[in-house]
Amino acid sequence: MSYANNTHHLATSRAASAKFGILRAVLNMMNVARERRALAKLDNDALADLGLTAKDVRTEVNRPFWDAPNHWRC
């Protein structure tokens, strides 16, 4: 492969990678929002099973969808 072709291939790969990175971030934010909605629907017995309080849930549910702990991210 020539230098010009290789350079074009790398640029195309970077652009595709950036698009997938944005898509991955959007999907992750959608998942965080969905999980927080599900968490908000749990009753006190289910929360106790998870070791959570109603206050813990309110705190988590009120966080913006883009604000997720690093260990939740893909």
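Quick caveat, the model's predicted, so the values are computed rather than measured.

What counts and how
- Residues numbered from 1 in each chain as written.
- Predicted model: local features only at pLDDT ≥ 70, side-chain atom pairs only at ≥ 80, totals over all residues.
- Heavy atoms only, no water.
- Helix = DSSP H or I, 4+ residues; strand = E, 2+ residues; numbered from the N terminus.
- Buried < 20%, exposed > 50% of the residue type's maximum accessible area, 1.4 Å probe, protein only.
- Contact = heavy atoms within 4.5 Å.
- Areas by Shrake-Rupley, 256 points an atom, 1.4 Å probe, with all protein chains shown as cover.
- Patch = residues over 30% accessible without salt bridge, like charges linked within 9 Å, V, L, I, M, F, W, Y side chains within 5 Å.
- Salt bridge = Lys/Arg side-chain N within 4 Å of Asp/Glu carboxyl O.
- Phe/Tyr/Trp six-rings, centres within 6.5 Å; stacked < 30°, edge-to-face > 60°.
- pLDDT = per-residue confidence, 0-100.

The next subject is the overall build of the protein chain. Check the secondary structure of the protein chain and you find three helices and zero strands. Starting at the N terminus, the α and β elements of the protein chain follow one another as α-α-α. Going through the 74 residues of the protein chain one by one, you find that 11% of them count as buried. Within the protein chain, residue pairs in contact and separated by at least 24 positions form 61% of the contacts whose partners lie at least 6 positions apart. About 6000 Å² of surface is accessible on the protein chain, with carbon and sulfur atoms providing 60% of the total.

Turning our attention to a nonpolar patch on the surface. On the surface, F20, I22, L23, V26, L27 and M30 cluster together into a nonpolar patch covering about 600 Å² of accessible area. Structurally, L23 can be placed in helix α1 (residues 3-40). By relative accessible area, which is 43% here, L23 ends up partly exposed.

One pass over the full model with this rule turns up four salt bridges. Across the pair E35 and R34 runs a salt bridge, and its minimum N-O distance is 3.8 Å. The salt bridge involving E60 is made with R36; its shortest N-O contact spans 2.7 Å. Placement of the pair is E60 in helix α3 (residues 54-61) and R36 in helix α1, with a sequence separation of 24 residues. Residue E60 shares its accessibility class with R36, and that shared class is buried. Because the salt bridges share partners, they merge into one network encompassing R36, E60, R63 and D67.

Take the packing of aromatic side chains next. What the rule picks out here adds up to one aromatic pair. Ring geometry for F65 versus W66: centroids 5.1 Å apart, planes at 85°, classification edge-to-face. You can call F65 partly exposed: its relative accessible area is 42%.

One rule of thumb: low pLDDT means the predicted coordinates there are not for detailed reading. Model confidence for the protein chain is summarised by a mean pLDDT of 82, while 77% of its residues fall at 70 or above. Confidence, expressed as mean pLDDT per element, reaches its minimum in the protein chain at α1 with 78 and its maximum at helix α2 (residues 44-50) with 95.

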